[in-house]
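Analysis of the macromolecular model
So you can see what is in the structure, the chains are spelled out below.
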Amino acid sequence: MQKEIRKKDIGIFDSGIGGVTVLREIIKILPNESYIYFSDSKNNPYGDKTKGEIIKRCEEIFEILLKRDCKAIVIACNTASSIAANYLRKKYKDIPIIAIEPAYKMVYDYAYDKNTLVMATKGTIESERFNLLFHKYDNHKTKILECVGLADVIEEGNKDKIKKYLEENIGKYRGKIENVVLGCTHYPLVQEEIGQVLGKNIRFFNGANRLAVHLKDILTKENLIGDNERKIEFIDSSNKKEKEERFYKFLEEEDL
Ligand code: DGL
């Protein structure tokens, strides 16, 4: 007998609107679901926070999403995933938790011999989880860059500031890099601008598509796949109208 499907929503969260780059990939693969997206812009950036602060925030967001009866939770933030995912999985055993991580293994699988730049937050880069991943798949041609403040600049959305930040921080790699791992969910929003600074023919690696496939596998296995009219609810912890507008604008940019 089919298990009754009561819980409908997939909860997804990030420190801000960056996780929209993950949601876009999920919707392509799971179009008939309803989503609750939680943007924690009141508390961002996560990248410079302590482990304890990030875990506490993740627990608070989990409680909000669980009260809304979500059937699965996606951590669409590399920083939160790398610091808190293991802890959250132990604490919340009854709900599938799907966590993004920098797509460094894809470099190992598809472009091992190429010069690689991993861009991520300080929190991600210093985490044990990222270090295990990096040492397992190290191609010995990789530079790792802590992009302190970049997620904030992207969140703010000022194009000139974004260009200036990138020029000042990654300009030194121009012509020297072939692969870029976008290790923060905000960075795909400025992929084009990163390419303009680094030069042509950069191959970008982003874990969002893999995460979406994995989420679908898990929902299928648990008999939780929905057949709903698509609905996307946006909640922002600072209640800023402009965040909501930019979030939906980024969603509309894709042909979903
Ligand atoms: N978007 C987040 C990530 O993937 C965090 C950015 C931040 O708040 O520092 O790491």
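Here the structure is a predicted model, which is why all the values come from computation and not from measurement. (Residues numbered from 1 in each chain as written. Predicted model: local features only at pLDDT ≥ 70, side-chain atom pairs only at ≥ 80, totals over all residues. Heavy atoms only, no water.)

1. Describing the overall build of the chain
- When helices and strands are tallied, the chain shows 11 helices and 9 strands.
- The principal-axis extent of the C-alpha atoms belonging to the chain is close to 55 × 40 × 40 Å.
- For the chain, the residues scored as buried account for 54% of the 256 residues in total.
- Expressed as a percentage of contacts within the chain between residues at least 6 apart in sequence, the contacts between residues at least 24 apart total 79%.
- Summed over all atoms, the accessible surface of the chain reaches about 12,600 Å², with 47% contributed by carbon and sulfur. (Helix = DSSP H or I, 4+ residues; strand = E, 2+ residues; numbered from the N terminus. Buried < 20%, exposed > 50% of the residue type's maximum accessible area, 1.4 Å probe, protein only. Contact = heavy atoms within 4.5 Å. Areas by Shrake-Rupley, 256 points an atom, 1.4 Å probe, with all protein chains shown as cover.)

2. What about the site of the ligand?
- In the vicinity of the ligand lie 13 residues, with Ser15, Tyr46, Asn78, Thr79 and His186 positioned nearest.
- In the environment of the ligand, an oxygen atom lies 2.6 Å from a nitrogen or oxygen atom belonging to the side chain of Ser15.
- One of the side-chain N or O atoms of His186 is found 2.8 Å from a nitrogen atom in the ligand.
- In isolation the ligand offers 300 Å² of accessible surface; the protein chains occlude 99% of this area. (Near = heavy atom within 4 Å. Polar contact = N/O pair within 3.5 Å; in protein donor to acceptor, adjacent residues only side chain to side chain.)

3. Focus: the sheet that holds strand β8 (residues 203-205)
- Taken in spatial order, the 4 strands make up an open sheet running β6-β5-β7-β8, and their pairing is parallel. Of all the strands in the sheet, the pair left with one neighbour each is β6 (142-146) and β8. Within the sheet, the average angular offset between the axes of one strand and its neighbour, ignoring direction, is 20 degrees.
- For strand β5 (residues 116-120) and strand β7 (residues 179-182), the ladder comprises 4 bridges, and the chain directions are parallel. Bridge pairing in β7 links Val118 to Val181. (Pairing = 2+ DSSP bridges. Axes fitted to C-alpha atoms, helices over the stretch in contact; angles between N-to-C directions.)

4. Let's talk about the pattern of salt bridges
- Per the counting criterion, the structure on display carries 19 salt bridges.
- Among the ionic pairs, Lys56 bridges to Glu60, the shortest N-O distance being 3.1 Å. Of this pair, Lys56 and Glu60 are both found in helix α2 (residues 51-67), 4 residues apart, which corresponds to roughly one turn of the helix.
- With relative accessibility at 29%, the residue Glu60 sits in the partly exposed group.
- It is possible to trace a salt-bridge network through shared partners that takes in Asp40, Lys56, Arg57 and Glu60. (Salt bridge = Lys/Arg side-chain N within 4 Å of Asp/Glu carboxyl O.)

5. With respect to helix α1 (residues 20-29)
- Of all 10 residues in α1, 8 are buried; the element is thus mostly enclosed.
- Residues of α1 that are buried: Val20, Thr21, Val22, Leu23, Arg24, Glu25, Ile26 and Ile27.
- Buried residues belonging to α1 abut β1 (9-14), β2 (34-39), β3 (72-75), α10 (208-221), β9 (231-236) and α11 (241-253).

6. Some thoughts on the packing of aromatic side chains
- Throughout the structure, instances matching the rule amount to 11 aromatic pairs.
- Among the aromatic side chains, those forming a connected cluster through ring pairs are Tyr37, Phe234, Phe247 and Tyr248.
- One Lys or Arg, Lys249, reaches over the ring of Phe250 and ends 5.4 Å from the middle of that ring. (Phe/Tyr/Trp six-rings, centres within 6.5 Å; stacked < 30°, edge-to-face > 60°. Lys NZ or Arg CZ within 6 Å of the ring centre and 35° of its normal.)

7. A short note on the pairing of β5
- Summarising burial for β5: 5 of the 5 residues are buried, a large majority.
- Of the two faces of β5, the one lined by Thr116, Val118 and Ala120 and the one lined by Leu117 and Met119 are each fully buried.
- Relative to β6, β5 runs parallel, the two being bridged by 5 bridges. Bridged to Val118 within β6 is Ile144.

8. Concerning the nonpolar core
- Among the nonpolar cores identified, the biggest contains 52 residues, and Ile26, Val74, Met119 and Ile170 are the most heavily contacted of them.
- Among the elements that line this core, the one with the most residues is α10, at 6 residues.
- Excluding residues within four positions of it along the chain, Met119 makes contact with Leu145, Cys147, Leu150, Leu166, Ile170, Val180, Val181, Leu182, Gly183, Cys184, Tyr187 and Ile194.
- Phe13, Ile36, Cys77 and Ala85 belong to the second-largest nonpolar core, a separate cluster that totals 23 residues. (Core = buried A, V, L, I, M, F, W, Y, C linked by side-chain atoms within 4.5 Å.)

9. Quick word on the sheet that holds β9
- The strand order across the open sheet formed by 5 strands is β4-β3-β1-β2-β9, and the pairing between neighbours is parallel. One side of each edge strand has no neighbouring strand; the edge strands of this open sheet are β4 (97-99) and β9. Strand-to-strand twist across the sheet, computed as the mean angle between neighbouring axes with direction ignored, equals 20 degrees.

10. Observations regarding helix α6 (residues 128-137)
- Those residues of α6 that sit buried are Arg129, Phe130, Leu133, Phe134 and Tyr137. The arc that holds the buried residues of α6, viewed along the axis, is 130 degrees, so those residues lie on one side. Residues of α6 that are exposed and point over 90 degrees away from its buried face: Glu128, Leu132, His135 and Lys136.
- Contact partners of the buried residues in α6: α3 (78-91), β4, α4 (104-110), β5, α5 (122-126) and β6. (Arc of directions from axis to C-beta.)

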